[in-house]
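Residue-level listing of the chains:
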Amino acid sequence: MCKCSFVVVRAACLALLASTGFTKPQEYTVDDPTDGDVYRVQSADVSLIFDKSEIVVNPDDQLNLECGVRGKSRYCIWESENGQILQVQDVYSNVYDGVSKPLNSEGNECGIVINPANIEHHGMWTCKVFVVGKSLVGSKNVIVTIKPTSPILEVDNQRSLDVTNEDETPVKCSVAAARPAVIIRWYLGDRDVTVSAETEETPTDKGGIYKSVSTLRRTFQPTENGQLLMCSVTHKTLYSPENTSIPLNVVFKPVEKPISTFYQISPGSDYEVKLNFSANPKPINKEWRYGDSFEEMEGSLGIPDTDGHYTTDIEDLGNGLYTAKLLVSGFTEADANKRYLLVVENQYGETQYKVNLSIHDAPQDDDSETSNHDKIPPTELSVSEGIVFDDETESNTLSGGAVAGIVIVLLIVIAAVGAAGYARYRQMFCFASRAESKAHIQDPERNETDNGTANDAIKGSTDQVNGKTDSTVANGNGNLEQTQVDEITNEKKNTDV
Ligand SMILES: *[C@@H]1O[C@H](CO)[C@@H](O)[C@H](O)[C@H]1NC(C)=O
């Protein structure tokens, strides 16, 4: 293509080669594209103004084909992919039906307006401008839309989508044909869950018509039972999305819950325990059991039923949610000492819900620095909220690793305190005052180390660690120090009680 021989000219040629890469359909020298897809094709002092980006037009709408010339041109034509040729001069003389001159011809000297557009106008259109000795050419793709077929959810049962909460369920939504391809989104209730979907577009012909199939892969949750799953299709031809939806039926074993403890029950009163649980499909067996421990139950009552003292009932709140009720008539301390189990079974399994009834207040966390639990109402507290009330839960015993970690930390603190105390005892350092009191943290280990030689060192160091006033520490006054140690001993006694 290049016949240049000099190095400099060759470089220019290479640049030219590179730039022609942008503009394949052009036949002549091309400037770099200036703004986006608008570029100019030049021949001597004549240039073409052309935007090659695709046009999407609905049938019966107006199709603007724009093409401009700078400089002197002889005439221009538009040529369609399927062989139709429109001479612009003729268009401007109203020779063709449904094709006319644009309102504004500036920078659009060869532009034409097709109105109404129809399916035959779909395809590549080329503007050809003839100048002295040559022609300038620009091409663009015109997509005449085809309305999508209705979206279809590919499910076995048209009334509900049956899924378990354990397996990922692929759900397909398809649109058999549309031009251009549709956009498919998924909604669960009012939540957009399209991120879990993938859409595949397959051309159905060579005319730009696509079949689209979107596959949603998701594990549905018990809480999503009863929600509407919707496939939503958008397209240029649609004023509003075309939707199809199906209600979810998520099946699951009764959902497990941490132990529930009900507090502040007044002896002598009638007390009704209300416990929410969820299960789908509905329980086939349900009963309340009671006994001295969760392992040894002595009695049980179906639901609904009564034995005079206990009365059981259940309320169906819908969507797999239930409230189980246990009314205790004339609540006694003996009732508070019992353990209660709500046992619920459906086709997917059985779950036992543990319940304690207490005449006491809900325990308060006595560590004042982390008293954020105080706001929890005392009526029903559960382990999941961070407070552990029952000895029988697994979660309130520390793991071996945690115990080892605490022991190591304690040993390090003891060693540090001992060393500091010893150092001070030996007058090795001049201690400055410290503001922070660490008394709470260090109370416990004093118990463990209250013996032998370490004892003195630790006692000697307490004014540093627990120092309440600057002067105390600075003076190193023996009496004051002694007072503080007494204080600490008292504290220790308190915690032991
Ligand atoms: C049980 O669920 C219902 C509905 O969500 C709610 O109004 C009620 O407060 C819940 N009851 C308990 C005891 O958590």
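One can find the structure itself at the top, above this paragraph.
The structure contained in this document is the topic of the report that follows. (Residues numbered from 1 in each chain as written. Predicted model: local features only at pLDDT ≥ 70, side-chain atom pairs only at ≥ 80, totals over all residues. Heavy atoms only, no water.)

### Section: the pattern of salt bridges
- Per the counting criterion, the structure on display carries eight salt bridges.
- Here Asp192 and Arg185 are joined by a salt bridge, their closest N and O atoms 3.0 Å apart.
- With relative accessibility at 36%, the residue Asp192 sits in the partly exposed group.
- Across the pair Glu287 and Arg289 runs a salt bridge whose closest N-O atoms are separated by 2.6 Å.
- Owing to a relative accessible area of 23%, Glu287 belongs among the partly exposed residues under this scheme.
- One continuous salt-bridge network, built from bridges that share partners, spans Arg191, Arg218 and Glu224. (Salt bridge = Lys/Arg side-chain N within 4 Å of Asp/Glu carboxyl O. Buried < 20%, exposed > 50% of the residue type's maximum accessible area, 1.4 Å probe, protein only.)

### Observations concerning the packing of aromatic side chains
- Enumeration over the complete set of coordinates arrives at eight aromatic pairs.
- Centroid distance Phe262 to Tyr271: 6.5 Å. Interplanar angle 65°. Geometry classified as edge-to-face.
- Judged by relative accessible area, Phe262 falls into the buried class, the value being 4%.
- Here Tyr271 falls in the buried class, since its relative accessible area comes to 18%.
- Here Phe277 and Tyr322 contribute two aromatic rings whose centre-to-centre distance is 5.4 Å and whose plane-to-plane angle is 20°, an arrangement assigned as stacked. Of this pair, Phe277 sits in strand E22 (residues 271-278) while Tyr322 is found in strand E27 (residues 321-328), placing the two residues 45 residues apart along the sequence.
- On the accessibility criterion, Phe277 (2% relative accessible area) is buried.
- The class of Tyr322 is buried, set by a relative accessible area of 7%.
- Taken together, the ring pairs connect Phe262, Tyr271 and Phe331 into an aromatic cluster.
- A cation over a ring is seen here: Lys140 above Phe50, with NZ or CZ 5.8 Å from the ring centre. (Phe/Tyr/Trp six-rings, centres within 6.5 Å; stacked < 30°, edge-to-face > 60°. Helix = DSSP H or I, 4+ residues; strand = E, 2+ residues; numbered from the N terminus. Lys NZ or Arg CZ within 6 Å of the ring centre and 35° of its normal.)

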